[in-house]
Amino acid sequence: MARSVLKLDISKAFDSVRWSFITDALRAMGIPDMFVQWIHTCLSTAAFSVSVNGELEGFFGGERGLRQGCALSPYLFVIAINVLSRMLNNAAHSGSIGFHPSCSEVNLTHLSFADDLMIFTDGAASSLRGVFDVLSEFGNLSGLLINPVKSSIFMAGRISQEFKEEVNRLGIPTESFPVRYLGLPLTTKTMTKTDYEPLVDQIRTRLLSWSSRSLSYAGHLQLIKTVIGNITNFWCSVFRLPASCMETIEGLCGAFLWSGTPNPLTRTKVAWEDICKPKEEGGLGIRRLRDTSRVFALSLIWRLLTNSGSLWVAWTKAYLLRSHSFWDVSDKYAGSWIWRKLLKLRDQAATFLRSDIGNGNSALFWLDNWSSAGRLINITGDSGTQVLGDDRYVWHHGEDEYKPCFSSVKTWEQIRTQHPTVSWSKIVWFPQAIPRFSFITWLALKDRMSTGARSRAWGCIQACLLCGEPDETRDHLFFPCPYFFTVWTDLVGYLLGSHVNPDWSITIASLQSTRRKEIEACLLKLAFQARIYSLWRERNSRRHQGHPQSAAHMVRIIDKLIKNRISSLRYGRPSFNSDMMQRWMGRTT
């Protein structure tokens, strides 16, 4: 059976788009003439200057219609492509273009995203000519033409010689799968290292571009959680990434977190498994890729079972499920490797799903979880099942809580490995905290700072550089060390009074007290974190022959840091204009 796919790139030469075409399209959509005139005025009255040697010269009006960079251009371009979409559909229904063998049941002729267009046909020469007749007509109407250099055609099955000759006449290059579309590899085979290497390279390039910047640990963490997290989420929303791929990415992120480069240059202070715990459980809140990938896969299953109305759901039901349900369809014959991965998650998905019985016309009697006893198929076995259809599905959100919507957060909470919570998390993570201070405090509370006691295991003997104590441990530095304790007393003595104690565990317990007012607790935690951060820098400065600072000078430095933070929080927050805050801001050190 012959079939072909055309991957076309529509030229976004905005100045070539005919305004009359856009006008007709807008009016066909029912846009009022006044609104159309406003758009025309915005596009036709713009004026430009040219920068010559850094200075603006000349002043002239634009007369060619749409301009690349104009805020309206993307919207009007989509409207123009929507016209092309309708033209292709009409051509297919009229018989000018033959449907792809795996697209006819859902009337699918093409997929488009901005200027990237994929057209599916039956591999006949007449269909190829029909496609280019539509493209030619669209070009004459709109002024937008395809870019042959960035376009390609894929052929499969019994392709006729006539079709191949037509391809050569049009000058469109031929390619074969796998191919990249919207940055993702399209392949029906199991993803290999070659397929996911572009993702790894993209992440490595991003990490290397940040390596030359002076970023704190907190800065590294933020970039990993946002930028790298969003890149991987985009891939995970489509694919189940191989374990080797996820391990490579997490290795790059772990190296960047501690050394500022994807190449591991320093010893890891905390294991990646501990880093990926939620903050309440002693981690940094990074999510494991294996859990993220599974949540996205479960969301696809939810969409499939709840008739989300997407094209993917319609196509899957027409060509993969056919007359079967998702629960009993075979995983050995049809479908890509991604589909088979989804089918392997059926048992886990079943633990999240329950059917709310309405009229009973569409519930799966044996396979759905509608009874308090659970799925009947798990009780009675495979024999004697009867398919009656599906009613409304609800998703498990927590203990005895089911809702008619999918929640990524609730699902992740249930599939991840749970750990005991730590009592000190609120000392580290609170809304008013300074991120770089919080990170160092987190290391101190986990006792992962490179103190003399930890360095001894690596063959390096280091006494306390502030007081000469032979055994430089975390519990000595914070707070029995006279230098550290003096700074702490001068900072918060008026808040703690007689409760100032040099013992580390007693101080931590005091900071966790719930009997203090919110403002007092906030000030103490800010002072605690700023002191650990600043004095750890002082300790490291002395180790590397830096100029030592006196305790009094260090108190002034830390006090200024806290005042700057309070000042940034006072606007729009009445609680930060309290008498206690005013006293701190007005005190002298």
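To be clear, the structure that these remarks concern was listed above.
Summarised in this report is the structure supplied together with it. As the structure is a computational prediction, the values presented were derived from the model and not from experiment.

Some details on the sheet that holds strand β6 (residues 152–156)
- Taken together, 5 strands build an open sheet; the order of strands is β4-β5-β1-β6-β7 and the sheet is mixed. With partners counted over all chains shown, the strands left at the sheet margins are β4 (110–113) and β7 (174–175), one partner each.
- Both strand β1 (residues 3–9) and strand β5 (residues 116–121) contribute to a ladder of 6 bridges, which runs antiparallel. If you follow S4 over to β5, its bridge partner there is T121.
- Where helix α4 (residues 125–142) meets the sheet, it contacts β1, β5 and β6, and its direction lies at approximately 20 degrees from that of β1.

Structural notes on the packing of α4 against helix α5 (residues 161–170)
- Where α4 contacts α5, the two axes come as close as 8 Å, and the packing angle between them is 25 degrees. Judged by the inter-axis angle, α4 sits roughly parallel to α5. Contacts between α4 and α5 pair A125, L128, R129 and F132 from the former with E162, F163, E166, V167 and L170 from the latter.
- A per-class count over the contact of α4 with α5 returns 6 nonpolar, no polar and 3 charged.

Concerning the packing of aromatic side chains
- Taken as a whole and assessed by the stated rule, the structure comprises 21 aromatic pairs.
- Taken together, a centroid distance of 5.9 Å and an interplanar angle of 45 degrees make the contact between F478 and W504 tilted. Of the two residues, F478 is situated in the loop between α19 (474–477) and α20 (482–496) and W504 in helix α21 (residues 504–511); the sequence distance between them amounts to 26 residues. Taken individually, F478 and W504 each receive the classification buried, so the pair is uniform in this respect.
- Linked through ring pairs, F478, Y483, F484, W488, W504 and F528 together constitute an aromatic cluster.
- Just above the ring of W412 sits the side chain of R287; from NZ or CZ to the centre is 4.2 Å.
- Lying over the aromatic face of W412, R416 brings its terminal NZ or CZ to 5.1 Å of the ring centre.

Quick word on the side chain of H100
- Take H100: it is sitting in the loop between α3 (73–94) and β4.
- When residues no more than four places from it in sequence are discounted, the contact partners of H100 are R3, S4, F120, T121 and D122.

Digging into unusual backbone geometry
- Unlike most non-glycine residues, D400 shows phi in positive territory, near 55 degrees.
- Despite not being glycine, D447 shows a phi value in the positive range, around 55 degrees.
- Tracing the backbone shows D447 in the loop between α17 (435–445) and α18 (452–455).
- Here D447 falls in the partly exposed class, since its relative accessible area comes to 31%.

Observations regarding the pattern of salt bridges
- The final tally for this structure, using the stated rule, is 15 salt bridges.
- Across the salt bridge formed by R322 and E105, the nearest N and O atoms sit 4.0 Å from each other. With a gap of 217 residues between them, R322 in the loop between α11 (311–321) and α12 (337–343) and E105 in the loop between α3 and β4 connect regions that are remote in the sequence.
- On the basis of relative accessible area, R322 is assigned to the exposed category, the value being 54%.
- The partner of E250 in a salt bridge is R288, with the nearest N and O atoms 3.0 Å apart. Pair noted here: E250 is in helix α8 (residues 243–259) and R288 is in the loop between α9 (272–275) and α10 (289–305), with a separation of 38 residues, a long-range link. Like R288, E250 is buried.
- Residues participating in the shared-partner salt-bridge network are R129, E162, E166 and R169.

Quick notes on the environment of S513
- Looking at the element boundaries, S513 is found in the loop between α21 and α22 (518–543).
- Of the polar contacts made by the side chain of S513, one reaches the backbone nitrogen of R515; its length is 3.3 Å.

Some points on the pairing of strand β11 (residues 392–398)
- Burial runs high along β11: 6 of the 7 residues are buried.
- Where β11 and strand β12 (residues 401–403) come together, 3 bridges link them in antiparallel fashion. Residue pairing across strands places W395 opposite K403, the latter belonging to β12.

Describing the sheet that holds β11
- The 3 strands lie next to each other as β10-β11-β12, forming an open sheet whose pairing is antiparallel. Each end of this open sheet is capped by a strand with a single partner; those strands are β10 (353–356) and β12. With strand direction ignored, the average angle separating the axes of adjacent strands in the sheet is 45 degrees.
- Those strands touched by α10 are β10, β11 and β12, and its axis lies near 150 degrees from that of β11.

Criteria and thresholds
- Throughout, a residue's number is its position along its own chain's written sequence, starting from 1.
- Only residues with pLDDT of at least 70 are given local features in this predicted model, and only at 80 or more are side-chain atom pairs given and counted; all residues enter the totals for whole chains, interfaces and linings.
- Side-chain numbers come from the whole structure's heavy atoms, not from hydrogens or water.
- At least two DSSP bridges between two strands are required for those strands to pair.
- Working definition: helices are DSSP H or I runs of at least four residues, strands are E runs of at least two. Numbering for both runs from the N terminus.
- We call two residues contacting when some pair of their heavy atoms lies within 4.5 Å.
- Inter-axis angles, ranging from 0 to 180 degrees, are taken between N-to-C directions of lines fitted to C-alpha atoms, where helices are fitted over the stretch in contact.
- Orientation categories follow fixed angle ranges, with anything under 35 degrees roughly parallel, anything over 145 roughly antiparallel, 65 to 115 roughly perpendicular, and all other angles oblique.
- Lys, Arg, Asp and Glu make up the charged group, whereas Ala, Val, Leu, Ile, Met, Phe, Trp, Tyr, Cys and Pro make up the nonpolar group; the residues left over, Gly among them, are polar.
- Between 30 and 60 degrees the pair is tilted, below 30 it is stacked and above 60 it is edge-to-face, where a pair is any two Phe, Tyr or Trp rings, Trp via its six-membered ring, whose centres lie within 6.5 Å.
- Burial classification: accessible surface area is computed with a 1.4 Å probe over protein chains only, and a residue below 20% of its type maximum counts as buried, one above 50% as exposed, and the rest as partly exposed.
- Definition used: whenever NZ (Lys) or CZ (Arg) falls within 6 Å of the ring centre and also within 35 degrees of the ring normal, the charge is taken to sit over that ring.
- Salt bridges are identified by distance alone: a Lys or Arg side-chain nitrogen within 4 Å of an Asp or Glu carboxyl oxygen.
- Definition of a polar contact: a pair of N or O atoms within 3.5 Å, with one able to donate and the other able to accept a hydrogen when the atoms are protein atoms, and with sequence-neighbouring residues admitted only if both atoms are side-chain atoms.

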